[in-house]
Amino acid sequence: MKLGLGVAGITVSLMAATAQADCPDYTTYAQSPQGNPSSGPLGLPYMRPDPACRTFNSTSVEKVILDMKSRLKDPDIARLFENTFPNTLDTTVKYYNERENLAFIITGVSCFAQWLRDTGNQFSHYHTLLSVDVDLANLVKAVINNEARYVSQYPYCGAFQPPPESGLGPSVNDWALGVLVNPPVDNQTVFECKYEIDSLCGFIKLSSSYYEATKDASMMNAEWLAAIDQIFRVIDEQSQASFGADWNFISYYNWTGLAGSLAGAVNNGGNGEPKGYTGMVGTHHRPSDDLSTFAFLTPANAMLSVQLTNLATILDHAGVAPNVSSQAKHWSKTIEQAVWEHTVVDGIFAYETNGLGSRYVMDDANVPSLLSLPYLGFLDMDHPDYVKTKKMLMSRGNPYYAKGRSFSGIGGPHIDVWNPWPMSQVSNIFGTNDDEEILSSLYTIVNNTGSLGLIHESINIYNISDYTRPWFAWANSYFSEMLLDLAQRKPHLIFKDNKPYTPGQ
């Protein structure tokens, strides 16, 4: 079921529905313990908003919570799942109109905007429920349709304002003020136009997940197909070298802060470091929204290769756009081969390369990351090159790995080098079958929520009570998705018995 139904079955703005219920701002709500503590040694609080304040209710999601709580042997992990699994639906659906087939989703930060990357990941853990929960499936379809409008118009941008139909006004992004973007954008529609390959991957990922679960080809409407065409335009443009054969400089997108802007200037007229041709697709920013050092971001290209294969699969099954499917297959193979040919040296993947001989060996916590390559579906966790790379990433060999007395992991320049992200420990679990390593990473996360029972963005290794983002829906979704993975892959580690569990089955 869903909240905010009006006459004729129209779902109205959920902002209005929650305002009528006099609901607290969740950013504030998430900064202090709420509800009764769990019965485990950590006594983690119950952090879900009151049912009347939840932005979307799903009976199938509630059933999964009850199922998992009854089987998880650690009450603190059970409480974390109870808080994190529904967090996207509880807190981030800021507009949904089923008749208009539009939904606007935020990610749980102070900025009132929809990120393509975050949204694609925030709904991943509901995938198996879409075939049994029509209301939830319709919500996801509306998210996809709204994003198709964004991507078809501004394929280089990753974060957007509410749709005009919502009646929700656009918000001002201080970090976008004084920023010059080419091609130009309208800030009434675009919240931030940082070009990141994984934003486009997120759109394909959510689309593929929806179709695989529902087999509903009506998602593939004219707007969606236009968005897919724009994605291939970007792939073609950004795979080209910086200099043509006649030494003309090739630039289809650039982004730079003008004097006095928070963003700051980007070298080479906002184009960043030059690149050669490899078969991979260049990017300007990383999944963390930070500038790339070199254009070819290995994990983003790995994700793109996988998602293009997924795109071809759903198009072929639906019998739609065979020419687009052929493009997807071609580019998926080209990019995959280029990743293996140009990024691996002595069994170690580089995080970034430029096609001109330079490579940056590191990793960032944000997904797609090198650590998350098995999660992305690019390779098996037992592949020797991944095993060797992973060992390096979770050590001093990675400049953005940090370890304190209580918390450790991979961070990135988005915060600072001594603030690793719990998300990296989640990725580590997806990348190993070793029981001891899984439990070590799991309890590194569980024991470091600041006694708030939610997954934060980053944690200071020198002071674990110092964290960023009390409310981060993507991280909450990723954590609960990992627990559901263990429920199938390693049930004996987390359950009272050894019987696997899959939601919706």
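My aim in this report is to walk through the structure given alongside it, one point at a time.

1. Some words on the overall build of the chain
Right, so step 1: Per the secondary structure count, the chain includes 18 helices and 16 strands.
Right, so step 2: For the chain, the C-alpha radius of gyration of 22 Å lies close to 23 Å, the compact-globule estimate for 505 residues.
Right, so step 3: Based on the C-alpha atoms only, the size of the chain along its principal axes is roughly 70 × 55 × 50 Å.
Right, so step 4: When burial is assessed residue by residue, the chain has 61% of its 505 residues classed as buried.
Right, so step 5: Residue pairs at least 24 apart in sequence account for 69% of intrachain contacts in the chain once pairs closer than 6 positions are excluded.
Right, so step 6: Carbon and sulfur atoms provide 52% of the accessible area of the chain, an area that totals close to 18,700 Å².
Right, so step 7: Of the charged side chains in the chain, 33 are positive and 51 negative, and the gap between their average positions amounts to 5 Å.

2. Here's the deal with helix α16 (residues 435-446)
Right, so step 1: Compared with an ideal rise of 1.5 Å per residue, which puts 12 residues at 16 Å, α16 spans 16 Å between its outermost C-alpha atoms and is within 8% of the ideal.
Right, so step 2: For α16, the complete set of buried residues consists of Ile438, Ser441, Leu442, Thr444, Ile445 and Val446.
Right, so step 3: Each element contacted by the buried residues of α16 is listed here: α4 (75-84), β14 (408-410), α15 (422-430), α17 (473-489) and α18 (491-494).
Right, so step 4: For α16, the N-terminal capping position is held by aspartate 434, with its side-chain oxygen 3.2 Å away from the main-chain nitrogen of glutamate 436.

3. What about the pairing of strand β5 (residues 179-182)?
Right, so step 1: Residues of β5 alternate between two faces, with Val179 and Val181 buried on one and Leu180 and Asn182 left unburied on the opposite face.
Right, so step 2: Strand direction decides the pairing type here: β5 and strand β7 (residues 254-257), joined by four bridges, are antiparallel. In the sheet register, valine 179 faces β7, and the bridge partner there is glycine 257.

4. Topic: the packing of helix α7 (residues 134-153) against helix α8 (residues 197-214)
Right, so step 1: α8 packs onto α7 with a crossing angle of 145 degrees between their chain directions and a minimal axis gap of 10 Å. For α7 against α8, the interelement crossing comes out left-handed. Packed against α7, whose contacting residues are Ala137, Val140, Lys141, Val143, Ile144, Glu147, Ala148 and Val151, the element α8 presents Leu200, Phe203, Leu206, Ser207, Tyr210 and Thr214 at the interface.
Right, so step 2: In the contact of α7 with α8, the residues fall into 10 nonpolar, two polar and two charged.

5. Details of the nonpolar core
Right, so step 1: Within the largest apolar cluster, 141 residues are counted, with the highest numbers of intra-cluster contacts made by Met68, Trp224, Leu308, Leu311, Phe479 and Met482.
Right, so step 2: With residues up to four places along the chain from it excluded, the contact list for methionine 482 reads Val426, Ile429, Phe430, Leu442 and Ile445.
Right, so step 3: Of all hydrophobic cores here, the second largest spans five residues; its members include Val109, Trp115, Ala159 and Phe191.

6. Side note on the sheet that holds strand β6 (residues 190-192)
Right, so step 1: If you trace the three strands from one edge of the open sheet to the other, you get β3-β4-β6, paired in antiparallel fashion. In this open sheet, the two strands that pair with only one neighbour each are β3 (114-115) and β6.

7. What about the state of the cysteines?
Right, so step 1: Enumeration over the complete set of coordinates arrives at two disulfides.
Right, so step 2: Residue pairing for cysteine 157: its cysteine sulfur links by disulfide to cysteine 193, the two sulfurs lying 2.1 Å apart. Sign of the S-S torsion, about -80 degrees for the bond between cysteine 157 and cysteine 193, identifies this disulfide as left-handed. One end of the pair, cysteine 157, is in the loop between α7 and β4 (159-160); the other, cysteine 193, is in the loop between β6 and α8, with 36 residues separating them in the sequence.

8. Some words on unusual backbone geometry
Right, so step 1: Here the amide bond leading from asparagine 182 into proline 183 is cis, since omega sits at 5 degrees, within 30 degrees of zero.
Right, so step 2: Looking at the element boundaries, proline 183 is found in the loop between β5 and β6.
Right, so step 3: Cis geometry marks the peptide bond from valine 367 to proline 368, where omega comes out at 10 degrees.
Right, so step 4: Residue placement: proline 368 occurs in the loop between β12 (359-360) and α13 (373-376).
Right, so step 5: Of note, tryptophan 247 is a non-glycine position whose phi angle comes to about 70 degrees, a positive value.
Right, so step 6: Relative to the helices and strands, tryptophan 247 is located in the loop between α9 (222-238) and β7.
Right, so step 7: Residues other than glycine seldom take positive phi values, yet arginine 469 does so here, at roughly 60 degrees.
Right, so step 8: Locating arginine 469 in the fold gives a position in the loop between β16 (463-468) and α17.

9. Side note on the environment of proline 162
Right, so step 1: Position of proline 162 among the secondary structure elements: in the loop between β4 and β5.
Right, so step 2: In this structure the C-alpha to C-alpha distance between proline 162 and phenylalanine 104, which are 58 residues apart in sequence, comes to 6.2 Å.
Right, so step 3: Other than its neighbours up to four places away in sequence, proline 162 contacts Phe104, Phe112, Tyr150, Leu168, Gly169 and Pro170.

10. Notes on the packing of α15 against α16
Right, so step 1: Where α15 contacts α16, the axes come no closer than 9 Å and their chain directions differ by 160 degrees. It follows from the interaxial angle that α15 and α16 lie roughly antiparallel. When the axes of α15 and α16 are compared, the crossing they make is left-handed. For the pair formed by α15 and α16, the contact residues are Pro422, Gln425, Val426, Asn428 and Ile429 on the first element and Glu437, Ile438, Ser441, Leu442, Thr444 and Ile445 on the second.

11. A short note on the pattern of salt bridges
Right, so step 1: Per the counting criterion, the structure on display carries 22 salt bridges.
Right, so step 2: In this structure, lysine 329 engages aspartate 316 in a salt bridge whose closest nitrogen and oxygen atoms are separated by 2.9 Å. Residue lysine 329 is located in helix α12 (residues 322-343), and its partner aspartate 316 is located in helix α11 (residues 298-318); the two are separated by 13 residues in the primary sequence.
Right, so step 3: Note on lysine 329: relative accessible area 45%, which makes it partly exposed.

Reading the values: the criteria
- Residues numbered from 1 in each chain as written.
- Predicted model: local features only at pLDDT ≥ 70, side-chain atom pairs only at ≥ 80, totals over all residues.
- Heavy atoms only, no water.
- Helix = DSSP H or I, 4+ residues; strand = E, 2+ residues; numbered from the N terminus.
- Rg over C-alpha atoms; globule rule 2.2 N^0.38 Å.
- Buried < 20%, exposed > 50% of the residue type's maximum accessible area, 1.4 Å probe, protein only.
- Contact = heavy atoms within 4.5 Å.
- Areas by Shrake-Rupley, 256 points an atom, 1.4 Å probe, with all protein chains shown as cover.
- Lys, Arg positive; Asp, Glu negative; His and termini not counted.
- Charge placed at Lys NZ, Arg CZ, Asp CG, Glu CD.
- Expected span 1.5 Å × (residues − 1).
- Polar contact = N/O pair within 3.5 Å; in protein donor to acceptor, adjacent residues only side chain to side chain.
- Pairing = 2+ DSSP bridges.
- Axes fitted to C-alpha atoms, helices over the stretch in contact; angles between N-to-C directions.
- Left-handed = near helix turned anticlockwise from the far one by under 90°.
- Nonpolar A, V, L, I, M, F, W, Y, C, P; charged D, E, K, R; others polar.
- Core = buried A, V, L, I, M, F, W, Y, C linked by side-chain atoms within 4.5 Å.
- Disulfide = S-S within 2.5 Å.
- Parallel < 35°, antiparallel > 145°, perpendicular 65-115°, else oblique.
- Salt bridge = Lys/Arg side-chain N within 4 Å of Asp/Glu carboxyl O.

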